[in-house]
Amino acid sequence: MQLFLFPFAGGGKTSFNRLTAHLDRQIEAVTVEYSGRGDRAREGYITDYQEFVADAARQVTRHRNQRLPYAVLGYSMGTALAYELITNEYGWGMPVHAFFCARGCLRDEKLARLPENELLEHTVKLSGIDGIVLKNENLKNIILHPLKEDYGIYFSYQYSPGTRPLTCPVTVFYCREDTPFPTVEGWKELTDGHTEFYEFGDNHFFLLKHYREMAGLVSHALIKTTETQ
């Protein structure tokens, strides 16, 4: 089984390290590295939304083993990206499972673009960055650049059902303080498969504290899938 993971705004290849370390050994975890980050730092940032999606699709295709079933997990910005990729045809087939984290139902959400000078404050409020960063100009500059580019992509997303219906089971991980249940409940209407919801933590980045529980649920769902195939 392959599991492709799509990070949140400002995140990179290491964002899911703690979660993937606790996955069942039968699961090959592949975190998609966005251009301009980590191993791809020299490639520069992609600011055009469609080009960003196409680049992510190429990363999946590069690592996709067609002999194995696959699943996807997206977190916040990565949720929209994962949904976009699996509801359009890229030659991978439908995943056996989709995990959507920290994002309300895409069909129902209304995004309000944030001014650049509020991005860091917003992320601190979500508990994704320690507030002390705001007092250190060097750290602010290091963090703000990828965050600014990613939020540009985040706010460029516009919901589309894609070219093919979502038919696989869906698991939604959410926090009621960040995305109350009424905002995530609509996910069950976007797939013909079974939908489950799990609530975690008290802020947007519940991944940072609840990675073990999340990894256990992901592993259980995927191993159960392989046993029934």
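Residues numbered from 1 in each chain as written. Predicted model: local features only at pLDDT ≥ 70, side-chain atom pairs only at ≥ 80, totals over all residues. Heavy atoms only, no water.

Chemist: Any chance you could explain the packing of aromatic side chains here in plain terms?
Modeler: Between two aromatic rings, the relevant description is the distance of the centres plus the angle of the planes. Taken as a whole, this structure holds 20 aromatic pairs when the rule is applied. Each ring, one from F4 and one from Y70, has its centre 6.2 Å from the other, and the planes form 75 degrees; the classification is edge-to-face. In this pair, F4 is assigned in strand β1 (residues 2-6) and Y70 in strand β3 (residues 70-75), connecting sequence segments 66 residues apart. We note that F4, like Y70, is buried. When the centroid spacing of 6.0 Å and the interplanar angle of 70 degrees are considered together, the rings of Y83 and W187 count as edge-to-face. Pair noted here: Y83 is in helix α3 (residues 77-86) and W187 is in the loop between α6 (181-184) and β6 (195-199), with a separation of 104 residues, a long-range link. (Phe/Tyr/Trp six-rings, centres within 6.5 Å; stacked < 30°, edge-to-face > 60°. Helix = DSSP H or I, 4+ residues; strand = E, 2+ residues; numbered from the N terminus. Buried < 20%, exposed > 50% of the residue type's maximum accessible area, 1.4 Å probe, protein only.)

Chemist: Help me understand helix α2 (residues 49-63) in this model?
Modeler: An α-helical turn contains 3.6 residues, so a residue and the one three or four places further along point in the same direction. Over its 15 residues, α2 extends 22 Å from the first C-alpha to the last, a length consistent with the 21 Å expected when each residue adds 1.5 Å. Within α2 the residues assigned to the buried category are Y49, F52, V53, D55, A56, A57, Q59 and V60. The N-capping residue of α2, defined by a side-chain oxygen 3.3 Å from the backbone nitrogen of Q50, is D48. (Expected span 1.5 Å × (residues − 1). Polar contact = N/O pair within 3.5 Å; in protein donor to acceptor, adjacent residues only side chain to side chain.)

Chemist: Looking at this structure, how should I read empty space enclosed by the protein?
Modeler: Summary: where empty space remains is shown by rolling a probe the size of a single water molecule over the atoms. Following the criterion strictly, the structure yields one cavity of 30 Å³ or more and no others. The volume enclosed by the largest cavity comes to roughly 60 Å³. What lines the largest cavity is Y49, F52, M77, A80, L81, R103, I153, Y154 and Y157. Those elements giving two or more residues to the lining of the largest cavity turn out to be α2, α3 and α5 (137-154). The element that contributes the greatest number of residues to the lining of the largest cavity is α3, accounting for three residues. Looking at the lining of the largest cavity, its residues break down into eight nonpolar, no polar and one charged. (1 Å grid on protein atoms, 1.4 Å probe; cavity = no way out; pocket = protein on both sides within 12 Å on 5 of 7 lines; lining within 4 Å. Points joined across faces, edges and corners; volume = space filled by probe spheres on them. Nonpolar A, V, L, I, M, F, W, Y, C, P; charged D, E, K, R; others polar.)

Chemist: Honestly, the pairing of strand β4 (residues 97-101) in this entry has me stumped. Any pointers?
Modeler: Successive residues of a regular strand alternate their side chains across the two faces of the sheet. The element β4 is largely enclosed, with a buried count of five among its five residues. Looking at chain direction, β3 and β4 are connected through five bridges and run parallel. When the bridges of β4 are listed, V72 appears paired with A98. For the segment spanning β3, α3 and β4, crossover handedness is right-handed. Note that β4 and strand β5 (residues 170-174) share four bridges and pair parallel. Looking at the pairing, F99 lines up with T171 of β5. (Pairing = 2+ DSSP bridges. Right-handed = clockwise from strand over helix to strand, strands pointing away.)

Chemist: Help me understand the side chain of R164 in this model?
Modeler: Within the fold, R164 resides in the loop between α5 and β5. A polar contact of 3.0 Å, which involves the side chain of R164, links it to the side chain of E89.

Chemist: How should I be thinking about the environment of A71 in this particular structure?
Modeler: Mapped onto the elements, A71 comes out in strand β3. On the accessibility criterion, A71 (0% relative accessible area) is buried. Sequence spacing of A71 and Q2 is 69 residues, and the spatial spacing of their C-alpha atoms is 6.3 Å. Among all residues touching A71, those that are not within four sequence positions of it are M1, Q2, L3, F4, P95, V96, H97, F99 and L222. (Contact = heavy atoms within 4.5 Å.)

Chemist: What exactly am I supposed to notice about unusual backbone geometry here?
Modeler: Although it is not a glycine, S76 adopts a positive phi angle of roughly 60 degrees. Mapped onto the secondary structure, S76 falls in the loop between β3 and α3. Unlike most non-glycine residues, A102 shows phi in positive territory, near 55 degrees. With respect to the helices, strands and loops of the structure, A102 is situated in the loop between β4 and α4 (119-125). Taking relative accessible area as the criterion, A102 reaches 2% and is therefore assigned buried.

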